[in-house]
Amino acid sequence: MKKLLLVGLLIASSAFAECTYYSENAKVTWKAFKTYEKIGVGGTFDHVVFAPRSAKTSEEFLVGSNITINTATVNSGNAGRDATLVASFFKTQNVDSITAKILSVKDSKAQVEITMNGVTKQIPMSYTIHDGKIAGKGVIDLGDFAMLKSLQSINKTCFDLHAGKTWQDVEIGFEIPVANNCY
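Since we're looking at a predicted model, the values are computed, not measured. (Residues numbered from 1 in each chain as written. Predicted model: local features only at pLDDT ≥ 70, side-chain atom pairs only at ≥ 80, totals over all residues. Heavy atoms only, no water.)

### Focus on the packing of helix α3 (residues 79-90) against helix α4 (residues 148-157)
- The geometry of α3 relative to α4 is characterised by a closest axis approach of 8 Å and an angle of 135 degrees between their N-to-C directions. Considered as vectors, α3 and α4 are oriented oblique to each other. Of the residues in α4, those touching α3 at Thr84, Leu85, Ser88 and Phe89 are Ser150, Leu151, Ser153, Ile154 and Thr157.
- Looking at the contact of α3 with α4 residue by residue, the class counts come to 4 nonpolar, 5 polar and no charged. (Axes fitted to C-alpha atoms, helices over the stretch in contact; angles between N-to-C directions. Helix = DSSP H or I, 4+ residues; strand = E, 2+ residues; numbered from the N terminus. Parallel < 35°, antiparallel > 145°, perpendicular 65-115°, else oblique. Contact = heavy atoms within 4.5 Å. Nonpolar A, V, L, I, M, F, W, Y, C, P; charged D, E, K, R; others polar.)

Laid out in structure tokens, this is it:
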């Protein structure tokens, strides 16, 4: 009987234990598009500061979490492209950082407040909890963030490489590793 009671207490206490999130390994992803065939070019940022909340569930953890991205650390896997993105895209409008805050989550959908170039917009994102990570994805329109000057700059700089076309929609995403007790 004592053994059964102890097992019951352990199960009950683990249900109320806080989840373990590995926020130092959080990753922000992006994919922009070039050419009329809409070829995707993606990457991450090497310096992302993720400020999570203490929580017992993934939903509690996500709501109110903040991310700050240093745009000078863009990483597409090509150093030359990265330098061009910093100089001809982000620096054109002095965008040194991008911030995001998760406002709400429900039914695998999140409302995320993104601030870039002094403009704040709420962006819907879908998210999943699977294979040891929380992963979200959505799409932004650079025009919504008054970034068309930067878009024109990168299109001019990369005119031949992009065959004269750089798209203004960009896929965005995030990944946050989690322990098994969180889902």
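### Some remarks on the environment of Phe50
- Relative to the helices and strands, Phe50 is located in strand β3 (residues 48-51).
- Separated by 50 residues in sequence, Phe50 and Ala100 place their C-alpha atoms 9.5 Å apart.

### A look at the layout of surface pockets
- By volume, the largest pocket is sized at about 750 Å³.
- Lining the largest pocket we find 39 residues, and of these Trp30, Ala32, Phe89, Phe90 and Val170 sit closest to its centre.
- Of all the secondary-structure elements, those providing two or more residues to the lining of the largest pocket are β1 (27-34), β2 (39-45), β4 (66-70), α3, β6 (97-106), β7 (109-116), α4 and β10 (169-177).
- Partitioning the lining of the largest pocket into residue classes produces 29 nonpolar, 8 polar and 2 charged. (1 Å grid on protein atoms, 1.4 Å probe; cavity = no way out; pocket = protein on both sides within 12 Å on 5 of 7 lines; lining within 4 Å. Points joined across faces, edges and corners; volume = space filled by probe spheres on them.)

### Some thoughts on the pattern of salt bridges
- Within the structure shown, the criterion is met by 4 salt bridges.
- With a closest N to O distance of 3.7 Å, Glu175 and Lys27 form a salt bridge. Of the two residues, Glu175 is situated in strand β10 and Lys27 in strand β1; the sequence distance between them amounts to 148 residues.
- In this structure Lys27 comes out as partly exposed when scored by relative accessible area, which is 35%.
- Connected via shared salt-bridge partners are Lys27, Lys133 and Glu175. (Salt bridge = Lys/Arg side-chain N within 4 Å of Asp/Glu carboxyl O. Buried < 20%, exposed > 50% of the residue type's maximum accessible area, 1.4 Å probe, protein only.)

### Some thoughts on the sheet that holds β1
- If you trace the 10 strands from one edge of the open sheet to the other, you get β3-β4-β6-β7-β8-β9-β10-β1-β2-β5, paired in antiparallel fashion. Since the sheet does not close on itself, it has two edges, and those belong to β3 and β5 (74-75), each with one partner.
- Pairing of β1 with β2 involves 6 bridges; the strand directions are antiparallel. Bridge pairing in β2 links Thr29 to Thr44. (Pairing = 2+ DSSP bridges.)

### Describing the confidence of the model for the protein chain
- On average, residues of the protein chain carry a pLDDT of 87, and 85% of them reach 70 or more.
- Considering each helix and strand of the protein chain separately, the mean pLDDT is smallest for helix α1 (residues 2-15), with a value of 35, and largest for β5, with 98.
- Here residues 1-17 is a poorly scored stretch, pLDDT under 50, and it has 2 contacts once near neighbours within four places are set aside; other chains count. (pLDDT = per-residue confidence, 0-100.)

### Notes on the pairing of strand β8 (residues 119-130)
- As paired elements, β7 and β8 share 8 bridges and run antiparallel to each other. Across the sheet, the residue bridging to Lys109 is Ser126, located in β8.
- Connecting β7 to the antiparallel partner β8 that follows it, the hairpin turn spans 2 residues, and Asn117 within it adopts a positive phi of roughly 60 degrees.
- Here 5 bridges tie β8 to strand β9 (residues 133-141), and the two strands are oriented antiparallel to one another.

### Let's talk about the side chain of Thr71
- As for its placement among the helices and strands, Thr71 is situated in the loop between β4 and β5.
- Setting aside chain neighbours within four positions, we find Thr71 in contact with Phe45, Val86, Phe90, Val95, Asp96, Ser97 and Ile98.

### Thoughts on unusual backbone geometry
- Even without being glycine, Ser108 reaches a positive phi, approximately 65 degrees.
- Residue class for Ser108 comes out partly exposed when judged on its relative accessible area of 41%.
- Even without being a glycine, Ala146 presents a positive backbone phi close to 55 degrees.
- Relative to the assigned elements, Ala146 resides in the loop between β9 and α4.

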